[in-house]
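Coordinates in review
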Amino acid sequence: MTVATDEPPPRVSLWTALQAALRAGIFGSARAGWPVAIVIVLACHACWQGHGVIDPAFRNPDVAGIAYDARLLLHGELPYVASAEIKPPGAFLLFAPALALGGMRAVWAMAVLWGGALSLATGALAGAAWGRAAGPRAAVLHAACAVIASDGDINYSFWMATPFTLAAASATAAALTPNARRAAALWLTSGAASMLAVAIKPSAWPVCLLFAGLLARELAAKRVQSAVRGALAGLGGALVTAGLIMLPYAFAGELPGLRAGLTDVATFGSEYVAVVAQALGGRLRAVMAGLPCTFEQIPGLLALAALGASELFPRRRAATPLALSAWLFALGAFAGITYTLRFYSHDNVQLWPALAVLAVRPAGLLARGLDRLERVSLASVGTTLPLAATLVLGLVAAWPGFGQRWGYVHFMAERDHMVEDICRELAPRLPPGEPVLGWGWSAWSVYEHCERRAPGRIFKVMASVTTVNTNTCNNGFGPMALRGDASPSRFFAEIERHPPGLFLWSSYFTEMGGDPLDDFASLRAFLKTRYSIVDARGPFVALLRSDLLPAAPSVLTEVEPLGFARGVPSLAGGGFERVSEDAERAFTSSCGARTP
């Protein structure tokens with residue numbers, strides 16, 4: 001029964017109603033942190049990778065190599081069979097569907113979602129290891145600094161880091177769930193993701209340290225059946241991914257070609273590590289020599305992780321769900337970045353998820369500060385204010401390297417546009433199906449921009465025809481040279497059978513200390529007699545096969561003498577010389593960390 005009164009009802013303004021709703025916990029609950037975190041994560045990655053949707057230039061010629069092999073798949077051919085490749089197959093398979101849908105713009109759009117998935121996987125791992133509140137914080141912190149970790153680029157490390165982190169998060173969740181069926185599904189996911197990560201970049205293998213620790217934990221608790229089920233499910237997931245990678249080769253009857261290609265991948269990796277290790281007196285010394293470069297590249301991120309991992313001002317704290325996962329994942333990520341002894345800045349993309357997880361450790365100073373901020377904040381902001389503070393903190397930590405890396409992204413895009421312009425201007429002179437050839441890492445995008453293949457299997461001469469590149473943050477151990485085996489002869493035979501219509505020379509080898517073309521007498525003589533310089537810009541010199549030149553004198557045939565007056569390298573003059581001193585200084589100034 002309602003008692004009637006003569007008093008008027010209280011006036012309720014819109015602001016009063018909103019405050020009441022906020023006090024009810026709509027935005028202040030622990031779960032409300034995730035919707036806000038997801039928005040921040042997607043916004044960050046749209047900034048870091050979205051530029052490629054607007055300008056799909058290659059910021060790293062390695063990515064052009066991925067695109068080349070992905071194009072082979074789209075045309076019904078197979079990498080390692082139709083191409084000589086020294087990189088694992090996983091990235092090719094990821095690229096192919098996106099290239100088919102919308103070219104490199106679609107790949108960059110996919111990268112926004114892929115990077116967002118990496119940040120969310122980082123949050124999922126942190127939430128499983130430290131507790132629910134840590135998840136959104138780690139996701140936001142990772143997304144804020146992701147541009148520093150990946151150089152705003154989509155190289156192999158970028159694609160590998162997402163399944164690498166997802167595998168760790170799935171395994172941690174599997175160890176925590178009491179439901180046997182759900183645990184098996186999570187272990188299956190973990191195994192499949194880890195195999196994909198290794199298939200993209202072998203330095204993902206240390207995630208197995210986390211698996212071993214979690215399974216040992218089960219055995220120590222005398223849950224033998226659970227450990228066996230988890231191990232078998234994880235192995236099954238890995239076999240599923242391996243089977244999918246092998247499937248196109250099996251259908252084509254080319255499993256031996258895949259096996260030979262993977263052998264070449266392993267040989268390349270071993271050769272590179274051996275060169276660096278021998279130069280510095282062993283692997284351990286090489287690691288110690290390279291680590292200072294990592295500290296130079298990401299000082300802010302390492303400082304945040306140190307604050308989270310430290311026991312400064314200790315206090316009694318509640319037990320965390322599974323802290324073991326966070327520490328083992330950090331150990332595995334650290335082992336991963338030291339595995340190849342390269343210490344390139346884009347390799348840090350593998351380490352940053354682990355640093356973000358450590359940074360939000362509940363007992364650490366960063367998390368305790370965020371907890372206090374959440375307690376004193378108004379109900380109207382709830383968990384949103386700590387996440388906003390985390391975003392700002394991450395951006396501040398990333399700022400020291402942001403300008404340098406963002407400048408590099410635009411610098412490399414400008415170089416790639418030069419290749420694109422050369423291809424567009426020379427397209428009328430290149431008959432359909434005419435092969436092209438790029439000389440040096442900087443020229444690899446010529447295949448994508450000219451929409452043509454190499455004369456034979458070898459489209460990247462570096463490490464296939466020359467010795468490996470050792471331009472690491474250890475500062476390198478000498479220029480690349482022609483291999484002493486039959487590789488240069490096989491390569492030259494391909495060129496003789498199908499002379500490329502366009503030979504695009506880049507100053508890359510010269511910038512690294514010396515051009516192997518100086519010692520490639522047969523190729524130099526072939527170029528001198530069969531080709532003419534028709535364009536020169538930046539670090540590139542374009543040579544067109546002479547039979548493709550117009551018969552009557554034209555601007556095209558007058559470019560070469562004009563070029564010599566500008567100091568363009570001349571084949572007849574006895575050697576290619578450096579094209580642009582300014583470009584070289586800009587290219588080599590940043591710790592030697594940008595090369596493949």
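Note: the structure precedes this text.
These numbers were taken from a predicted model, which means no experiment stands behind them. (Residues numbered from 1 in each chain as written. Predicted model: local features only at pLDDT ≥ 70, side-chain atom pairs only at ≥ 80, totals over all residues. Heavy atoms only, no water.)

This paragraph deals with the state of the cysteines. Summed over the entire model, instances satisfying the criterion amount to 1 disulfide. Sulfur-sulfur distance for the disulfide between C423 and C450 comes to 2.0 Å. Judged by the sign of its S-S torsion, about -90°, the bond between C423 and C450 is left-handed. Of the two residues, C423 sits in helix α17 (residues 384–426) while C450 sits in helix α18 (residues 446–450), which places them 27 residues apart along the sequence. Each of the two residues, C423 as well as C450, counts as buried. C47 supplies the cysteine sulfur nearest to C44, a cysteine that is in no disulfide, at a spacing of 6.7 Å. Judged by relative accessible area, which is 8%, C44 ranks as buried. (Disulfide = S-S within 2.5 Å. Helix = DSSP H or I, 4+ residues; strand = E, 2+ residues; numbered from the N terminus. Buried < 20%, exposed > 50% of the residue type's maximum accessible area, 1.4 Å probe, protein only.)

Below, the discussion takes up the pairing of strand β1 (residues 436–439). The two faces of β1 match: V436 and G438 on one face and L437 and W439 on the other face are all buried. Pairing geometry for β1 and strand β2 (residues 502–506), over 4 bridges, is parallel. Paired with G438 across the bridge in β2 is L504. (Pairing = 2+ DSSP bridges.)

All right, on to the packing of aromatic side chains then. Aromatic ring pairs: the centre-centre distance and the angle between the two ring planes describe each pair. If you walk through the whole model with that rule in mind, you get 19 aromatic pairs. Plain terms: the ring middles of Y447 and F459 are 5.8 Å apart, the flat faces sit at 85° to each other, and that makes the pair edge-to-face. You can see Y447 sitting in helix α18 and its partner F459 sitting in the loop between α18 and α19 (487–497), a full 12 residues away along the chain. The exposure class of F459 is buried, given its relative accessible area of 1%. Three or more aromatic residues joined by ring pairs form one cluster here, namely W439, W441, F503, Y508 and F509. The ring centre of Y272 lies 4.5 Å from the NZ or CZ of R342, which sits over that ring. (Phe/Tyr/Trp six-rings, centres within 6.5 Å; stacked < 30°, edge-to-face > 60°. Lys NZ or Arg CZ within 6 Å of the ring centre and 35° of its normal.)

This part is about the sheet that holds β1. Spatially, 4 strands are ordered β1-β2-β4-β3 in an open sheet, and the strand pairing comes out mixed. Every other strand in the sheet has two partners, leaving β1 and β3 (531–537) as the edge strands with one partner each. Averaged over all adjacent pairs, the angle separating strand axes in this sheet is 20°, with direction ignored. The pairing of β3 with strand β4 (residues 540–545) spans 6 bridges and is antiparallel. The residue of β4 that forms the bridge with D535 is A542. Lying over the sheet, α17 contacts β2, β3 and β4, oriented at roughly 135° with respect to β3. Here helix α21 (residues 521–530) sits on the sheet in contact with β1, β2, β3 and β4, set at roughly 90° to β3. (Axes fitted to C-alpha atoms, helices over the stretch in contact; angles between N-to-C directions. Contact = heavy atoms within 4.5 Å.)

Ranked by internal contacts, the top residues of the largest apolar core, which has 151 residues, are F95, M104, W130, I154, W159, W439 and F491. If one sorts the elements of this core by residue count, helix α5 (residues 90–130) sits on top with 17 residues. Beyond its immediate chain neighbours, meaning those up to four positions away, W130 contacts T320, P321, A323, A326, W327, V357, L358, V360, R361 and P362. In this structure, A277, L291, L341 and A463 belong to the second largest nonpolar core, which totals 16 residues. (Core = buried A, V, L, I, M, F, W, Y, C linked by side-chain atoms within 4.5 Å.)

Here we take up the pattern of salt bridges. Per the counting criterion, the structure on display carries 18 salt bridges. K460 is the salt-bridge partner of E85, the closest N and O atoms lying 2.8 Å from each other. Within this pair, whereas E85 is found in the loop between α4 (61–74) and α5, its partner K460 is found in the loop between α18 and α19, the two being separated by 375 residues in sequence. The pair formed by E85 and K460 is uniform in burial state, with each residue classed as buried. (Salt bridge = Lys/Arg side-chain N within 4 Å of Asp/Glu carboxyl O.)

Attention now moves to helix α8 (residues 180–200). Its 21 residues place the ends of α8 30 Å apart at the C-alpha level, agreeing with the 30 Å of an ideal helix rising 1.5 Å per residue. Among all positions of α8, only A183, L186, W187, S190, G191, A193, S194, A197, A199 and I200 are buried. On its buried face, α8 is in contact with α5, α7 (156–176), α9 (207–220) and α10 (224–251). Capping of α8 at its N-terminal end is provided by N179; its side-chain oxygen lies 3.0 Å from the backbone amide nitrogen of R181. (Expected span 1.5 Å × (residues − 1). Polar contact = N/O pair within 3.5 Å; in protein donor to acceptor, adjacent residues only side chain to side chain.)

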